[in-house]
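Listed here are the chains, written in short residue letters.
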Amino acid sequence: MFRSTLPMSSMLAGAAIAVAVTLAGCASNGAGTMSSPLTQAAMTSAAQSSAQNALGGMIGNMGVGSLNQTSAGNVAGVLNYCLSNNLATTTPTATSALGKLQTQPGVAGTPDFQSGSQGQLMTGMSNPISVSSLTDPLKQRVCNMVISRAQSLVGL
């Protein structure tokens, strides 16, 4: 399996630039200039959308299994972040899993827990995923993955 050594933010920026360049080529009026401010706004929106879709695909392709490299402390911290920001769709289950995780030795108070509580999900990739920088649907998707991982860690 190919694993990129580029940071996720660099890959997303590259994807967004590629989309913007492609759209710019389609939107030019023949003289090398944009046809209208509306076209420029559409290109910016499309580039942002493309970057979010690329990130969503990466998150979707991670699957819960890929969170196996995420420490129990980081899972608990991100779960805490999700609950604090009302991103958990199954709040009673998430609360129960968090409570059980926090009673395990080496979970609460660790650097991984602290990072997770700030919304930094460490998946074993070179850079953590900053949950706070995602769109709301992606935030909820990540939080649901974390809830599932937390449940498996505590046997729920």
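Residues numbered from 1 in each chain as written. Predicted model: local features only at pLDDT ≥ 70, side-chain atom pairs only at ≥ 80, totals over all residues. Heavy atoms only, no water.

1. Re unusual backbone geometry
A positive phi angle, close to 55°, is found at Asn86, a residue other than glycine. For Asn86, a relative accessible area of 67% translates into the label exposed. (Buried < 20%, exposed > 50% of the residue type's maximum accessible area, 1.4 Å probe, protein only.)

2. Quick notes on the nonpolar core
Across soluble globular proteins, nonpolar side chains show a tendency to be buried alongside one another. Of all hydrophobic cores here, the largest spans 28 residues; its most connected members are Leu79, Leu121 and Val146. Elements supplying a minimum of two residues to this core: α3 (72-84), α4 (91-102) and α6 (136-154). No other element matches the 8 residues that α6 contributes to this core. (Core = buried A, V, L, I, M, F, W, Y, C linked by side-chain atoms within 4.5 Å. Helix = DSSP H or I, 4+ residues; strand = E, 2+ residues; numbered from the N terminus.)

3. Some details on α3
Between its first and last C-alpha, α3 extends 18 Å over 13 residues, near the 18 Å set by a 1.5 Å rise per residue. The buried fraction of α3 amounts to 10 of the 13 residues, a majority that puts the element mostly inside the structure. If you check which residues of α3 are buried, you get Gly73, Asn74, Val75, Ala76, Gly77, Val78, Leu79, Tyr81, Cys82 and Leu83. Buried residues belonging to α3 abut α4, α5 (111-117), β1 (120-121) and α6. Among the residues trailing α3, Asn86 stands out with phi positive, at a value near 55°. (Expected span 1.5 Å × (residues − 1). Contact = heavy atoms within 4.5 Å.)

4. Some thoughts on the side chain of Thr70
For Thr70, the position within the fold is in the loop between α2 (37-62) and α3. Look at Thr70 and you get buried, because its relative accessible area is 3%. There is a polar contact of 2.7 Å between the side chain of Thr70 and the backbone oxygen of Met122. The residues contacting Thr70, other than those within four sequence positions of it, are Val75, Leu121, Met122, Thr123 and Arg149. (Polar contact = N/O pair within 3.5 Å; in protein donor to acceptor, adjacent residues only side chain to side chain.)

5. Observations regarding the packing of α3 against α4
One way to put it is that α3 packs onto α4 with a least axis distance of 10 Å and a crossing angle of 145°. In this structure, the crossing between α3 and α4 has a hand that is left-handed. When α3 is examined against α4, the residues Ala72, Val75, Ala76, Leu79, Asn80 and Leu83 are found in contact with a partner set consisting of Thr91, Ala94, Thr95, Ala97, Leu98 and Leu101. Its residues placed into classes, the contact of α3 with α4 shows 9 nonpolar, 3 polar and no charged. (Axes fitted to C-alpha atoms, helices over the stretch in contact; angles between N-to-C directions. Left-handed = near helix turned anticlockwise from the far one by under 90°. Nonpolar A, V, L, I, M, F, W, Y, C, P; charged D, E, K, R; others polar.)

6. Some details on the pattern of salt bridges
Tallied over the full model, the rule gives 1 salt bridge. Measuring nitrogen to oxygen at the nearest pair gives 3.7 Å for the salt bridge that ties Asp136 to Lys139. With Asp136 and Lys139 both in helix α6 and 3 residues apart, this pair spans about one turn of that helix. When its relative accessible area of 14% is taken as the criterion, Lys139 is described as buried. (Salt bridge = Lys/Arg side-chain N within 4 Å of Asp/Glu carboxyl O.)

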